[in-house]
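The primary structure of each chain is shown beneath.
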Amino acid sequence: MRLVSLLAGALALFSCASAFVNPPIYEDLADVDLRRYNDTYYLSTSTMHFSPGAPILRSFDLVNWQYIGHSVPQLAQFGTGYTLPPGQNAYIEGVWASWLIFVPAQNKWFWGGCINFFQTHIFSSAGPDPTSAWTQISVINACYYDSGAFMDDDGTVYVSFKDLGTNTFQ
Ligand SMILES: *[C@@H]1O[C@H](CO)[C@@H](O)[C@H](O)[C@H]1NC(C)=O
């Protein structure tokens, strides 16, 4: 009995998965943005026309992941096609390669990405918990395509992206 609990304790201590089956998640989670804060990994991913969008996944070992929320609560605000009125749809539009970052100075999470290939939308969480309510805080009238966020040592956040110029995917 003691040996079993000792063993269980040791396994809990060394919970990094040494062997696992690929893929760790049998789903199409494209364009991941992966962050590590306080020994916890967070992942944001593209979900195109699916609503809610931009799921947030959490892991402690990069193998076992759980869905804990979404950065984009609903997509109807991005255009009429998202609610499937007769003759319209937003198939493969919506949330593409985006970023997720925690900003200590504001004690909040921020998410941003190009929506519909012509606008960039920024959302933020209500507080430091990424599962708190997310709301849109800003819209930029340009597509920051395949963007990524980076925080400098002084706390300044930079976003890099591909400039689509006049090219569109229409
Ligand atoms: C990391 O831990 C610090 C100290 O407890 C906390 O203030 C901060 O909010 C945590 N960061 C995240 C992203 O959870």
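Just so it is clear, the structure is predicted and the values come from calculations on it, not from any experiment.

Section: the nonpolar core
So, step 1. Within the largest apolar cluster, 17 residues are counted, with the highest numbers of intra-cluster contacts made by Val72, Phe78, Val95, Leu100, Trp111 and Trp134.
So, step 2. Within the residue set of this core, elements represented by two or more residues are strand 3 (53-59), strand 4 (65-72), strand 5 (95-103) and strand 6 (108-115).
So, step 3. Residues contacting Phe78, with those up to four places away along its chain left out, are Val72, Ile115, Asn116, His121, Phe123 and Gln136.

Structural notes on the pattern of salt bridges
So, step 1. For the structure shown, the criterion picks out two salt bridges.
So, step 2. Among the salt bridges present, the one from Asp33 reaches Arg35, with a minimum N-O distance of 3.3 Å. Take Asp33 and Arg35: they sit in the same class, and that class is buried.
So, step 3. The salt bridge involving Asp39 is made with Arg36; its shortest N-O contact spans 2.4 Å.

Here's the deal with the state of the cysteines
Between two cysteines, a covalent bond joining their sulfur atoms is known as a disulfide.
So, step 1. One pass over the structure, following the stated rule, counts one disulfide.
So, step 2. There is a disulfide in this structure between Cys114 and Cys143, and the S-S distance comes to 2.1 Å. Around the S-S axis, the bridge from Cys114 to Cys143 shows a dihedral of about -110° and counts as left-handed. Of the two residues, Cys114 is situated in strand 6 and Cys143 in the loop between strand 8 (134-140) and strand 9 (144-151); the sequence distance between them amounts to 29 residues. Neither residue differs from the other here; Cys114 and Cys143 are each classed as buried.

Definitions and limits used
- Each chain has its residues counted from 1, following the order in which its sequence is written.
- Totals for whole chains, interfaces and linings use every residue, but because this is a predicted model, local features are given only for residues with pLDDT of at least 70 and side-chain atom pairs only at 80 or more, for both listing and counting.
- Water and hydrogen atoms were dropped before computing side-chain values, which therefore reflect all heavy atoms in the structure.
- To qualify as a nonpolar core, a set must consist of buried Ala, Val, Leu, Ile, Met, Phe, Trp, Tyr and Cys residues joined through side-chain atoms within 4.5 Å.
- With a 1.4 Å probe rolled over the protein chains alone, any residue whose accessible area is under 20% of its type maximum counts as buried; one over 50% counts as exposed, and the rest are partly exposed.
- Going along the chain from the N terminus, every DSSP run of H or I of four or more residues is numbered as a helix, and every run of E of two or more is numbered as a strand.
- The contact definition used throughout considers only heavy atoms, calling two residues in contact when any of these lie within 4.5 Å.
- Salt bridge criterion: a side-chain nitrogen from Lys or Arg within 4 Å of a carboxyl oxygen from Asp or Glu.
- A pair of cysteine sulfur atoms is labelled a disulfide when the two atoms are within 2.5 Å.

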